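Here are the chains, one letter per residue:
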Amino acid sequence: QVQLVESGGGLVQPGGSLRLSCVASGITFRLYDMGWYRQAPGKQRELVAAISNGGSPNYPDSVKGRFTISRDNAKNMVYLQMNSLNAEDTAVYYCKANAIFHLGREYWGQGTQVTVSS
């Protein structure tokens, strides 16, 4: 049974930081590319950071320089460090795993709420 469990969300003031974590079980973690997505109310889910199974990160321009994704294959963990948060970063953040050898095999976590507000 595959599980992705996110944690670390919460309420933070504008300009603040949060670190999200996602632990994976039931998969061979090192054979998966990992990503963080977010979905704000009334908006489509969007990618905020991705990291290849080999550790190469990728970011959209909207978060580049503020967010950092990392992974620890020994712990089956992926992290998202978020700095300089603003109200537009408010969303539910999801962890996603994509198998590198099985096209279309993907798994999602249940999400963690991040709210940026004063």
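How each quantity is defined
Residue numbering note: each chain is counted from 1, following its sequence as written. Per-residue local features are limited, in this predicted model, to residues with pLDDT of at least 70; the limit for side-chain atom pairs, both in listing and counting, is 80 or more; totals at the level of whole chains, interfaces and linings are taken over all residues. Note: side-chain values were computed over all heavy atoms of the structure, leaving out hydrogens and water. Strands here mean DSSP runs of E at least two residues long; helices mean DSSP runs of H or I at least four residues long; both are numbered from the N terminus. We compute the radius of gyration over the C-alpha atoms and compare it with the globule rule, which gives 2.2 Å times the number of residues raised to the power 0.38. Any two residues whose heavy atoms approach within 4.5 Å at even a single point are treated as in contact. Values of accessible area rely on a 1.4 Å probe in the Shrake-Rupley scheme; residue burial ignores everything except the protein chains shown. Counting rule applied: Lys, Arg positive; Asp, Glu negative; His and chain ends not counted. Here the site of a charge means atom NZ of a Lys, CZ of an Arg, CG of an Asp or CD of a Glu. What makes a nonpolar core is a set of buried Ala, Val, Leu, Ile, Met, Phe, Trp, Tyr and Cys residues whose side-chain atoms join them at distances within 4.5 Å. When a residue's accessible area, from a 1.4 Å probe over protein chains only, is under 20% of the maximum for its type it is buried; when over 50% it is exposed; and in between it is partly exposed. At least two DSSP bridges between two strands are required for those strands to pair. The term salt bridge refers to a pairing of a side-chain nitrogen on Lys or Arg with a carboxyl oxygen on Asp or Glu at a separation within 4 Å.

As for the overall build of the chain
Okay, step 1: On a plain count of helices and strands, the chain comes out with zero helices and eleven strands.
Okay, step 2: Relative to the globule expectation of 13 Å for 118 residues, the C-alpha radius of gyration of the chain, 14 Å, shows essentially globular dimensions.
Okay, step 3: Considering only C-alpha atoms, the chain reaches an extent of 45 × 25 × 25 Å along its principal axes.
Okay, step 4: Sequence-distant contacts, at least 24 apart, represent 55% of the contacts inside the chain between residues at least 6 apart.
Okay, step 5: Only carbon and sulfur atoms are counted for the fraction: they give 47% of the accessible area of the chain, which is about 6,300 Å².
Okay, step 6: Computing the positive centroid from 11 side-chain charges and the negative centroid from 8, the chain places the two 5 Å apart.

A look at the nonpolar core
Okay, step 1: Counting 30 residues, the largest nonpolar core has Met34, Trp36, Val78, Leu80, Met82 and Tyr93 as the members making the most contacts within it.
Okay, step 2: Mapped by element, the contributors of at least two residues to this core are strand E3 (18-25), strand E4 (32-39), strand E5 (46-51), strand E7 (67-72), strand E8 (77-82), strand E9 (91-99) and strand E11 (112-116).
Okay, step 3: Among the elements that take part in this core, E9 stands out by supplying five residues, more than any other.

A short note on the pairing of E3
Remark: a regular strand shows side chains that alternate across the two faces of the sheet.
Okay, step 1: Direction of pairing for strand E1 (residues 3-7) relative to E3: antiparallel, over a ladder of five bridges. Note on E3: the bridge partner recorded for Val5 is Val23.
Okay, step 2: Sheet analysis places E3 next to E8, joined by six bridges and oriented antiparallel. Bridging across to E8, Arg19 finds its partner in Gln81.

Description of the environment of Gly42
Okay, step 1: Mapped onto the elements, Gly42 comes out in the loop between E4 and E5.
Okay, step 2: In this structure the C-alpha to C-alpha distance between Gly42 and Ser117, which are 75 residues apart in sequence, comes to 18 Å.

Details of the pattern of salt bridges
Okay, step 1: Inspection of the entire model under this criterion finds five salt bridges.
Okay, step 2: In this structure, the salt-bridge partner of Glu46 is Arg38, at a minimum N-O distance of 2.7 Å.
Okay, step 3: The class for Glu46 is partly exposed, based on a relative accessible area of 35%.
Okay, step 4: Across the salt bridge formed by Asp89 and Arg66, the nearest N and O atoms sit 2.8 Å from each other. Of this pair, Asp89 sits in the loop between E8 and E9 while Arg66 is found in the loop between strand E6 (57-58) and E7, placing the two residues 23 residues apart along the sequence. Assigned by exposure class, Asp89 and Arg66 land together as buried.
Okay, step 5: Within this structure, Arg38, Glu46, Arg66 and Asp89 form a network of salt bridges that share partners.

Keep in mind these numbers describe shape, not what the thing actually does.
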